[in-house]
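Fold and contact review
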Number of protein chains: 2
Amino acid sequence: MRGLWLEDKKLDYRDNIPMAIPTAGEALIRVIQSGICQTDIEMVKGYYPFTGVIGHEFVGIVEESQDPSWLGKRVCGEINVSCGQCELCRRALYIHCTQRTVLGIWERNGSFAEYLSLPTRNLHVVPDNVYDDQAVFAEPLAAAVGIAEQVSIRPTDRVVVIGSGKLGNMIAQSLVLSGADMLVIGNQRSQLELLERRGIRTGFQDAIQDHRADVVVECTGNPAGFELACKAVRPRGTIVMKSTFKGQTQVNFSPLVVDEVSLIGSRSGPIGAALRLLAQGVVDVHPLIETRLPLSRALEAFELAQQPGKMKIILQMTGY
Amino acid sequence: MRGLWLEDKKLDYRDNIPMAIPTAGEALIRVIQSGICQTDIEMVKGYYPFTGVIGHEFVGIVEESQDPSWLGKRVCGEINVSCGQCELCRRALYIHCTQRTVLGIWERNGSFAEYLSLPTRNLHVVPDNVYDDQAVFAEPLAAAVGIAEQVSIRPTDRVVVIGSGKLGNMIAQSLVLSGADMLVIGNQRSQLELLERRGIRTGFQDAIQDHRADVVVECTGNPAGFELACKAVRPRGTIVMKSTFKGQTQVNFSPLVVDEVSLIGSRSGPIGAALRLLAQGVVDVHPLIETRLPLSRALEAFELAQQPGKMKIILQMTGY
């Protein structure tokens, strides 16, 4: 099949990738389209030692399954495939399963190809009123929604989101549904305007009031964002850390201890909940699409995705 | 009055310190005895720019109060004096009051003197069955008990305490009362033996199982402890940070985000709860006393307290 192959930090468009073959309990899914994520870009830089098809944000159609009720269904999928047996799985911490494979990230080919396979237990049917262009955001939107699995956001909270890119935008749109007083900090006026149009208050970093925010979400992808978060958070407040980047950050822990601040690492979240928000029409992802390109132009798409300030690039597997 | 005066990082024993004068709502307390804390040692090194009487762990007798019901009472005291008016006070986060003074630490003379003053609302009567030698531990024990105000410790949790000094010992003794499976990591056999005698499992750092602990409490006072904590904590687990020290720590946040770990800064806690545990006899602080010296030998006491592995040095204000 056709797809995008990563090997030794080199990305190749190939037409001879072995066809995805579902094992017991897995479905074969024909990928309709798939979004390029910052993690994909980091992987090309060698963030994980992965060889194979990358990509993990997708919407597709089930073409094969031992359970016929899945056939023909339009689906999104949880990307972590867990063993169900280890101590973490027995505590329902499936995404942290020590034996896990992860779609397009770890030991499992991903979605930048014509076909992929995933266990049916990982799949979620896309509601009929959710378009493909929305469904492809289910996985990153889940990562935004997932914050509320670890941190309770109260309607009276002051929430500051630091970072106004794709993830920051979806985090702001989903957390503001709590009724909280939201401020998004960014450095690109065009990104902030997208949020202002949704009635969400934004500003440059000088808009931060020192030590007033109950919850700060840091999703800039760089260490400077963490410093701003420390400045914004109130005593006994919470900083949610969404940024993953290589290397060390210099932290002065002492004020965080004195102020009894909580730092919460947050990775991914529930795709079912993300699809429900999309079906309700309360999170608008259309303005986050930069452009779409066919799979055959994937290398060009990756070049584009790495330019600063670019929003979501979608690879379309069929229809071109 | 006699006392220990800090000025320009120099500690002086003086007999001409102006007498403590209680303001409205405050009581005058004759200090019986007072413990030397790591924070006192850090203050002498310039941790805070403080001039005055240091010391904040004390037991004493109320000698003056507008409310006569306090007269003659043996008391311990909350060390943070809050304004009651600011936004943090209105949220009951009194210890974080932006206008606060802190006994012997910030804008308020402390307990290494014959007398101190504190608002009566900060005072707790010491139960009759709690000796002075126990009551003087109420403040540091409160800092241990206070962990449970931010983190719920479940009876089925695996808890690892990294650091077996005075604070680590009290943290272990108080958190183990939850019924949790406790392991204390230290590097001095004598300190570990104190805990083993209380039925608490201990070990050197090679006893840590990688990524198995639900809750890790880091109280070593140095950056190496944080690294061990990251090694011990399980995905979605919690690291409680008790250590305050000057300077930066190098942190690789990425695995903490991927594993969705929580880092919780924790400073102080409820003295009433600490006194209740002491009254119940379920926390034993006697073995934590290294020695006691009269106030007049305070400088010698500070020398001693800075030697590695020394336990609590108590300054006695009277009776010598």
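In case you missed it, the structure is sitting above this.
Now for a description of the structure that goes with this document. Everything numeric in this text was worked out from a predicted model, so none of it was measured. (Residues numbered from 1 in each chain as written. Chains lettered and ligands numbered in written order. Predicted model: local features only at pLDDT ≥ 70, side-chain atom pairs only at ≥ 80, totals over all residues. Heavy atoms only, no water.)

Contacts between the two partners involve 44 residues from chain B, matched on the other side by 44 residues from chain A. Interface of chain B and chain A: buried area, both sides summed, is about 3900 Å²; carbon and sulfur atoms make up 49% of it. At the boundary of chain B and chain A, one finds 6 salt bridges. Taking the shortest distance from any N to any O, the salt bridge between Arg212(A) and Glu87(B) comes out at 3.1 Å. Joining chain B to chain A, the criterion identifies 23 residue pairs in polar contact (both at pLDDT 80 or more). Within the residue set of the side of chain B that touches chain A, elements represented by two or more residues are α2 (87-90), α5 (147-150), β15 (233-241), β16 (249-251), α9 (253-258) and β17 (262-265) of chain B. The biggest single contributor to the side of chain B that touches chain A is α9(B), with 5 residues. Looking at side-chain class alone, the side of chain B that touches chain A contains 17 nonpolar, 14 polar and 13 charged residues. (Contact = heavy atoms within 4.5 Å. Buried area = accessible area lost by both parts, 1.4 Å probe. Salt bridge = Lys/Arg side-chain N within 4 Å of Asp/Glu carboxyl O. Polar contact = N/O pair within 3.5 Å; in protein donor to acceptor, adjacent residues only side chain to side chain. Helix = DSSP H or I, 4+ residues; strand = E, 2+ residues; numbered from the N terminus. Nonpolar A, V, L, I, M, F, W, Y, C, P; charged D, E, K, R; others polar.)

Right, let's get into the relation of the copies chain B and chain A. Relative to chain A, chain B is turned by 180 degrees and slid 0.0 Å along the rotation axis, the superposed coordinates differing by an RMSD of 0.0 Å. Overall, the copies show the geometry of a two-fold rotation axis. Here 100% of the interface residues in chain B have copies in chain A that are interface residues too; the copies meet face to matching face. (Least-squares fit on C-alpha atoms with pLDDT ≥ 70 in both.)

Moving on, we come to the pairing of strand β9 (residues 115-119) of chain A. Along a regular strand, successive side chains alternate from one face of the sheet to the other. Residue and element names in this part refer to chain A. Counting buried residues along β9, 5 of its 5 residues qualify, which places the element largely inside the surrounding structure. Where strand β3 (residues 26-35) lies against β9, 5 bridges are found, and the strand directions are antiparallel. Within β9, the position partnered with Ala 27 by the bridge is Leu 118. (Buried < 20%, exposed > 50% of the residue type's maximum accessible area, 1.4 Å probe, protein only. Pairing = 2+ DSSP bridges.)

All names here are of chain A. Taken as a whole and judged by the stated rule, the model has 7 aromatic pairs over all chains. Ring geometry for Tyr 47 versus Tyr 48: centroids 4.8 Å apart, planes at 90 degrees, classification edge-to-face. Residue Tyr 47 is classed as buried on the basis of its relative accessible area, which comes to 16%. Three or more aromatic residues joined by ring pairs make a cluster, and in this case those are Tyr 47, Tyr 48 and Trp 106. (Phe/Tyr/Trp six-rings, centres within 6.5 Å; stacked < 30°, edge-to-face > 60°.)

This next bit is on helix α11 (residues 298-305) of chain B. Residue and element names in this part refer to chain B. For α11, the set of buried residues is Ala 298, Ala 301, Phe 302 and Ala 305. Buried residues of α11, viewed axially, fall in a sector of 100 degrees; they line one side. On its buried face, α11 sits against β1 (3-7), β2 (10-14), α1 (38-44), β18 (289-294) and β19 (312-316). (Arc of directions from axis to C-beta.)

This paragraph deals with unusual backbone geometry. All names here are of chain B. At Asp 8, a residue that is not glycine, the phi angle is positive and equals roughly 50 degrees. Relative to the helices and strands, Asp 8 resides in the loop between β1 and β2. Even without being glycine, Lys 9 reaches a positive phi, approximately 60 degrees. Tracing the chain through its elements places Lys 9 in the loop between β1 and β2.

With that out of the way, let us pick up the sheet that holds strand β13 (residues 201-203) of chain B. The sheet built from 12 strands is open, its strands ordered β13(A)-β12(A)-β11(A)-β14(A)-β15(A)-β17(A)-β17(B)-β15(B)-β14(B)-β11(B)-β12(B)-β13(B) with mixed pairing. In this open sheet, the two edge strands, each paired with only one partner strand, are β13 (201-203) of chain A together with β13 of chain B. Sheet twist, expressed as the average angle between the axes of neighbouring strands with direction ignored, equals 20 degrees. One ladder, built from 5 bridges, connects strand β11 (residues 158-162) of chain B with strand β12 (residues 181-185) of chain B; its direction is parallel. Residue pairing across strands places Ile162(B) opposite Ile185(B), the latter belonging to β12(B). (Axes fitted to C-alpha atoms, helices over the stretch in contact; angles between N-to-C directions.)

Before going further, it helps to spend a moment on the pattern of salt bridges. Per the counting criterion, the structure on display carries 36 salt bridges over all chains. Close ionic contact of Glu260(A) with Arg236(A) constitutes a salt bridge, the shortest N to O distance being 2.8 Å. Residue Glu260(A) is located in the loop between α9 (253-258) and β17 (262-265), and its partner Arg236(A) is located in strand β15 (residues 233-241); the two are separated by 24 residues in the primary sequence. A residue is classified by how much of its surface remains accessible, and Arg236(A), at 23% relative accessible area, is partly exposed. With its nearest N and O atoms 2.6 Å apart, the salt bridge here joins Glu300(B) to Arg297(B). Overall, the relative accessible area of 38% leaves Arg297(B) in the partly exposed class. By sharing partners, the salt bridges in this structure join Glu7(A), Lys10(A), Asp12(A) and Arg14(A) into a single network.

Relative orientation and spacing of two packed helices are given, respectively, by the angle between their axes and the distance between those axes. Residue and element names in this part refer to chain A. Look at helix α4 (residues 138-145) against helix α6 (residues 166-175): their axes get within 8 Å of each other, and the N-to-C directions meet at 60 degrees. With respect to their mutual orientation, α4 and α6 come out oblique. Where α4 crosses over α6, the two elements pack in a sense that is right-handed. Facing α4, whose interface residues are Pro 140, Leu 141, Ala 143, Ala 144 and Val 145, α6 presents Leu 167, Met 170, Ile 171, Ser 174 and Leu 175. Its residues assigned to classes, the contact of α4 with α6 shows 9 nonpolar, 1 polar and no charged. (Parallel < 35°, antiparallel > 145°, perpendicular 65-115°, else oblique. Left-handed = near helix turned anticlockwise from the far one by under 90°.)

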